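Letter by letter, the chains look like this.
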Amino acid sequence: MNTNVLTIEQVFSERIFRVPDYQRGYAWEDEHRADFLEDLELLGAGKEHYTGTLVLHAQPTLSRVQDEAGRSYGLYDVVDGQQRLTTIVLLLDAIRRELAQSKKFDKLAEGIALGYIAVRDFYGASKHKLQLNSDVHDYFVNNVLADIPGPTEAKISSHQRLRDARMQFAEHIEDRKKSLGASFDLWLVELHRKVTQQLKLSLYTVGDAAEVGVVFEVMNNRGKSLTNLEKVKNYLLYLCSKLDVPASDLSEMINKRWADIFMNLMSANLASPTNEDQLLRAHWIASKDHDVKRWDGSKSIKQHFNLKHDPYRGDHKTLRDDLLAYVRSLGDASIAYRDALAPSFTHAFNPFVDARLRHDVRQSSERLRRMHVTAPFLPLLISARLSLGSDGHRYLEVVRLCEAFAFRVYKLRGSRSDTGHNMLFRLAYELFHEPSRAEPIVAELRRRLLEYSPNNELESWFGFQAAKDENNWFDWSAIKFFLYEYEEYRAGKDAVKVSWDVIEGRELAKTIEHILPQSADAPYWTERFSKTDHEKYVHDIGNLCLTAHNGSLSNKPFPAKRGTPADTNPCYANSQLVIERDLAAYEEWTPKTILARREAIVKWALERWRVDEAPTSAPSPAEMK
């Protein structure tokens, strides 16, 4: 491996750079670019600034490019350093665009374009000095480097970061233009000189493909902030380059599927490292290994798909075929994952063509999402989508059982967050690989749910006898969810007029109304509730209600809270919420009233979350009401 410390001008001289597909996309964020700009601002005249390392792999001589003036350029794959190299090109292009607006600097702008952006080959075709990964390059050229960006929207996170970088550098230059006034031109020319003459890179040239592999492995595991999903893509594309069987279809599928995965996640606001890693883990548990203790992120996948280990040692064809199946499956899983976590997304569960069935699936999935305990069920939900195909009725049964499990085991019983994981993951694996056994697998899920939370325990928890003593429902972690479910029930076929996200985003005290106030000093309340009664009933479920305007109701007497539909101030009678309007039907609010309302709510809850030992017929839309 040869090394030199060169200026940026020297680095780009007689070279064209290509980022291989196994490399990550552009990953620098605003703060990284801001630090880079600050380094340049602080760089004094005549000083040098070492800005990192660039590792290149020279391509065969036949790959050299000759421009229309007869100059020759070698082609180099970027093994490491593409983030800084891309950022430098983006900044120089921003400088070029600004310089091109002045005839005084049009030659300098043209020089930047030819030296760092693109040249024309001997046949007049444009050859960009930096060619990014195949899933990014077209966007880079047409929507980032172009003087007038094209209309294509960002489909993956790298697209968005490239677009953000263009905007950030343009805004930085514009800000300096406003603040510097007449001295701006000098500053801009000086900035160009700093970038091209004073920044220096350590340039390493790798001799052969085997050495590239070693360097890539070291660079890809040295603590960079890569998500597991990015690492897996890089590794799979790297494997493609090592297979001794045709693999162009595999590399194309990897790039296409990863673009689809990122687009699926971004379309539902799920494009975060946490979501990416969660998708990868859930799919692996369902498809490859249900023992979560063995999951070690991208390392698990690298250990499994490895040319040096059995069963792929010396069998490149089998590895290629298995990689094709894995990549295809992961892409499909991203849709199942997106729909499970964002069931209100426009296209969620569209393969279920029956509108009523799709509505029920979305509703049950939304209920599970609201409890924030979706993760234990994701492998099973992915398996159900991928293995059961268009069997939406079976999927509905699975998601309803998952929702009942989440509520009864995690929220009602307060069991540990890992309760049932081994069972759930095993069933996911079995369903993925044996879809013909869907019926007994789902039956086992139902049976195990009832083992963790028997129906008689549900009845005891909700039952009148268990609740009649002092019971603080207000501090129950699931109280918002519970009352929102009751609102949906009372709303019937009508949509709830206050969204769950609004309710969840507010403080508990602003969304839960104590009908009998926590501070009940008004004569109306002291005449009807003794101190003992107040302590006994104030946090009872019969005395709690979802509200959109708790602050305005406060400690008023019940008649004032009740109001009339014609009132201009918020009251029960003119509320957006059905269960709050229900309160306006009561003439008085007394211990007897609270008990009656509690009994009605408990009766609903027992029906809502009851799970039969074996379904007597196909699940009906009203089964979980």
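See the structure above.
This write-up is about the structure you can find in this document.

### Quick word on the overall build of the protein chain
Within the protein chain one finds 29 helices and eleven strands. Taken along the three principal axes of its C-alpha coordinates, the protein chain extends 95 × 65 × 40 Å. Taken over 625 residues, the protein chain has a buried fraction of 53%. Intrachain contacts of the protein chain at a sequence separation of at least 6 include 72% that bridge at least 24 residues. Between the centroid of the 84 positive side chains of the protein chain and the centroid of its 89 negative side chains there is a distance of 1 Å.

### Focus on the packing of helix H14 (residues 355-370) against helix H16 (residues 392-412)
It is at 9 Å that the axes of H14 and H16 come closest, and there the two elements cross at 20 degrees. It follows from the interaxial angle that H14 and H16 lie roughly parallel. Crossing of H14 against H16: the hand is left-handed. Within the contact between the two elements, H14 uses Leu357, Asp360, Val361, Ser364, Ser365, Arg367 and Leu368 and H16 uses Gly392, His393, Tyr395, Leu396, Val399, Arg400, Cys402, Glu403 and Ala406. Here the residues of the contact of H14 with H16 are counted per class, giving eight nonpolar, four polar and four charged.

### Some details on the environment of Met371
Mapped onto the elements, Met371 comes out in the loop between H14 and helix H15 (378-388). Residue class for Met371 comes out buried when judged on its relative accessible area of 2%. Separated by 107 residues in sequence, Met371 and Ala478 place their C-alpha atoms 7.6 Å apart. The contacts of Met371, once residues within four sequence positions are left out, are Glu403, Ala406, Phe407, Lys411 and Phe481.

### Description of a negative patch on the surface
On the surface, Glu31, Asp35, Glu38 and Asp39 cluster together to form a negatively charged patch. Locating Asp39 in the fold gives a position in helix H2 (residues 30-42). Classification of Asp39 as partly exposed rests on a relative accessible area of 34%.

### Things to note about the side chain of His283
Counting through the fold element by element, His283 comes out in helix H11 (residues 273-287). Taking the relative accessible area as the measure of exposure, His283 reaches 0% and is therefore buried. Contacts of His283, omitting those with residues within four sequence positions, involve Lys288, Tyr326, Ser329, Leu330, Ala333 and Ile382.

### Describing H14
Every α-helical turn comprises 3.6 residues, leaving residues that sit three or four positions apart pointing alike. With 16 residues, H14 should reach 22 Å at 1.5 Å per residue; the first-to-last C-alpha distance of 22 Å fits that figure. Summarising burial for H14: twelve of the 16 residues are buried, a large majority. Among the residues of H14, Leu357, Arg358, Asp360, Val361, Gln363, Ser364, Ser365, Glu366, Arg367, Leu368, Arg369 and Arg370 are the ones counted as buried. Tucked inside the fold, the buried residues of H14 contact helix H13 (316-341), H15, H16, helix H21 (479-491), helix H22 (500-505) and helix H29 (591-608). Where H14 begins, one side-chain oxygen reaches toward the backbone nitrogen of Arg356, 3.2 Å away; that side chain belongs to Asp354. Trailing H14 by a residue or two, His372 shows a phi angle of about 60 degrees, which is positive.

### Regarding the pairing of strand S2 (residues 15-18)
Where S2 lies against strand S5 (residues 72-80), four bridges are found, and the strand directions are parallel. For Arg18, the partnering residue across the bridge sits in S5 and is Asp77. With two bridges joining them, S2 and strand S8 (residues 130-131) adopt parallel strand pairing. Residue pairing in the sheet places Arg18 in a bridge with Gln131 of S8.

### Notes on the nonpolar core
In this structure, Phe17, Phe140, Leu236, Trp258, Tyr326, Phe482 and Trp589 are the most contacted members of the largest nonpolar core, which totals 177 residues. Among the elements that take part in this core, H16 stands out by supplying 13 residues, more than any other. Ignoring sequence-local partners within four residues, the contact set of Leu236 consists of Ile254, Trp258, Leu323, Tyr326 and Val327. Counting residues in hydrophobic clusters, the runner-up holds five residues, among them Ile16, Tyr73, Leu75 and Val119.

### With respect to the pattern of salt bridges
Going through the model one piece at a time under the given rule, you end up with 51 salt bridges. In this structure, Arg370 and Glu366 form a salt bridge, with 3.8 Å as the shortest nitrogen-oxygen distance. Taken together, the residues Arg370 and Glu366, both in helix H14 and four residues apart, mark about one turn of the helix. On the basis of relative accessible area, Glu366 is assigned to the buried category, the value being 11%. The salt bridge involving Arg413 is made with Glu457; its shortest N-O contact spans 2.7 Å.

### A closer look at empty space enclosed by the protein
Overall, the coordinates contain three cavities of 30 Å³ or more when judged by the stated rule. Quantified by volume, the second largest cavity comes out at close to 100 Å³. Residue lining of the second largest cavity: 13 residues in total, with Gly25, Ser158, Glu230, Lys233 and Phe262 positioned closest to the centre. If you list the elements that add at least two residues to the lining of the second largest cavity, you get helix H6 (157-180) and helix H9 (228-242). In terms of residue class, the lining of the second largest cavity is made up of three nonpolar, five polar and five charged.

### Quick notes on helix H17 (residues 421-433)
The terminal C-alpha atoms of H17 lie 18 Å apart, and with 13 residues this matches the ideal 18 Å at 1.5 Å per residue to within 8%. For H17, every residue scored as buried is listed here: His421, Met423, Leu424, Phe425, Leu427, Ala428, Glu430, Leu431 and Phe432. In this structure, the buried side of H17 is in contact with H11, H13, H15, H16 and helix H18 (438-452).

Calculation criteria
- Residues numbered from 1 in each chain as written.
- Predicted model: local features only at pLDDT ≥ 70, side-chain atom pairs only at ≥ 80, totals over all residues.
- Heavy atoms only, no water.
- Helix = DSSP H or I, 4+ residues; strand = E, 2+ residues; numbered from the N terminus.
- Buried < 20%, exposed > 50% of the residue type's maximum accessible area, 1.4 Å probe, protein only.
- Contact = heavy atoms within 4.5 Å.
- Lys, Arg positive; Asp, Glu negative; His and termini not counted.
- Charge placed at Lys NZ, Arg CZ, Asp CG, Glu CD.
- Axes fitted to C-alpha atoms, helices over the stretch in contact; angles between N-to-C directions.
- Parallel < 35°, antiparallel > 145°, perpendicular 65-115°, else oblique.
- Left-handed = near helix turned anticlockwise from the far one by under 90°.
- Nonpolar A, V, L, I, M, F, W, Y, C, P; charged D, E, K, R; others polar.
- Patch = residues over 30% accessible without salt bridge, like charges linked within 9 Å, V, L, I, M, F, W, Y side chains within 5 Å.
- Areas by Shrake-Rupley, 256 points an atom, 1.4 Å probe, with all protein chains shown as cover.
- Salt bridge = Lys/Arg side-chain N within 4 Å of Asp/Glu carboxyl O.
- Expected span 1.5 Å × (residues − 1).
- Polar contact = N/O pair within 3.5 Å; in protein donor to acceptor, adjacent residues only side chain to side chain.
- Pairing = 2+ DSSP bridges.
- Core = buried A, V, L, I, M, F, W, Y, C linked by side-chain atoms within 4.5 Å.
- 1 Å grid on protein atoms, 1.4 Å probe; cavity = no way out; pocket = protein on both sides within 12 Å on 5 of 7 lines; lining within 4 Å.
- Points joined across faces, edges and corners; volume = space filled by probe spheres on them.

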